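Geometric and topological summary
Here are the chains, one letter per residue:
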Amino acid sequence: SRYEMPVVGLVRDVNVNPSFNTNRVNAYTNMESLPWLGEDAQYNRLLFVAAADQTDKNHVQFVSGLVRDRLEKSGHTVLASVIFNDPGANPINFLLDAIRVVLGSLAFVSLLLSGFLVYNTISALLLGQVQIIGIMKSVGASQRDLVGMYLILVLAFGILAFVVAMPLAAWTSYAFASFIASPANLDIKLPAFTLPWRVLLLELGVSIVVPLVAAFPAILRGAGITIRAAISSHGLGDTNFGFGIIDRLIERLQFLSGPWLLSF
């Protein structure tokens, strides 16, 4: 039979499997409308959660059997009983797990690439200042002084990167979480947005530790140069830069500034 009914509102039911996962649309009405739709005005489904061991499938099956026996002994007919494959888990957990794997892999690769970027940038910076390093050494600066100076520089840039990236990361993660939550029947409101201090500490730690660790070998090598070698150095002219295919391609990008060329 076909019936026409007005849609008077939307329902966000977090207890049902999302429509995109079941290819089924859930509609809601009141008891008075059921006889008009040709249905009995009574409940025909019982949802229950075990009081203990809610994620133990064997225990849930045992409890389900007890509930079924109790219903049948009270005169009700039980046509079927269904247990989630993974009791206590969201039906779209498989999707969330896949997203976590993808984002985790991208985060690891980004962290690795950022370490190489810091290393290359500091190496180029030291090559450009090798004669300055020689002059500082000639007036009494030790290798330890130079290492400390450049590490403080890297530390300052790491903290600056945290200040820039933290609000952008927070806004992006909130927008992405809202995008994922919508098809999962979850509604993330702005007042519910929180920024866990553990996340902030992790971001700050990564912003400080990764640049220092990545830059330390280049700084140690650059600060260990002798005064004679530093004064007679020609910077990049002493390296093999410009002979490789990638070097020659990058060299043609005259419209880009130095930091962009170093990044490439």
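The structure we're discussing is the one just above.
Reference entry: report on the structure contained in this document. Per chain, residues are indexed from 1 in the order of the written sequence. Reporting of local features is limited, given that this is a predicted model, to residues whose pLDDT is at least 70; pairs of side-chain atoms are given and counted only at 80 or more, and all residues count toward the totals for whole chains, interfaces and linings. For side-chain calculations, the full set of non-hydrogen atoms in the structure is used, while hydrogens and water are omitted.

1. A closer look at helix α6 (residues 197–223)
One turn of an α-helix holds 3.6 residues; hence residues three or four places apart share an orientation. Helical segments are the DSSP runs of H or I of at least four residues, strand segments are the runs of E of at least two, and each set is numbered from the N terminus. A helix's residues, less one, multiplied by 1.5 Å, set its expected span. Between its terminal C-alpha atoms α6 stretches 37 Å, which fits the 39 Å expected from 27 residues at 1.5 Å a residue. Bend, in this description, refers to the angle at a residue between axes fitted to the seven residues ending there and the seven starting there. At F216, α6 shows its largest bend, some 40°, and a proline, P217, comes one to four positions later. Burial classification: accessible surface area is computed with a 1.4 Å probe over protein chains only, and a residue below 20% of its type maximum counts as buried, one above 50% as exposed, and the rest as partly exposed. For α6, every residue scored as buried is listed here: S207, P211, A214, A215, A218, I219, G222 and A223. We call two residues in contact whenever any of their non-hydrogen atoms come within 4.5 Å of each other. Lining the buried residues of α6 we find α3 (93–128), α4 (130–138) and α5 (143–181).

2. Some points on the pattern of salt bridges
The working definition used for a salt bridge is a side-chain nitrogen of Lys or Arg within 4 Å of a carboxyl oxygen of Asp or Glu. The tally for this structure, following the rule as stated, stands at 2 salt bridges. A salt bridge links E72 to R68; the shortest N-O distance between them is 3.4 Å. Of this pair, E72 and R68 both sit in helix α2 (residues 57–73), 4 residues apart, which is roughly one turn of that helix. D97 is the partner of R100 in a salt bridge, and the nearest nitrogen-oxygen pair spans 2.3 Å. Of this pair, R100 and D97 both sit in helix α3, separated by 3 residues, roughly a single helical turn.

Everything listed here is a matter of coordinates, which is why it stays silent on function.
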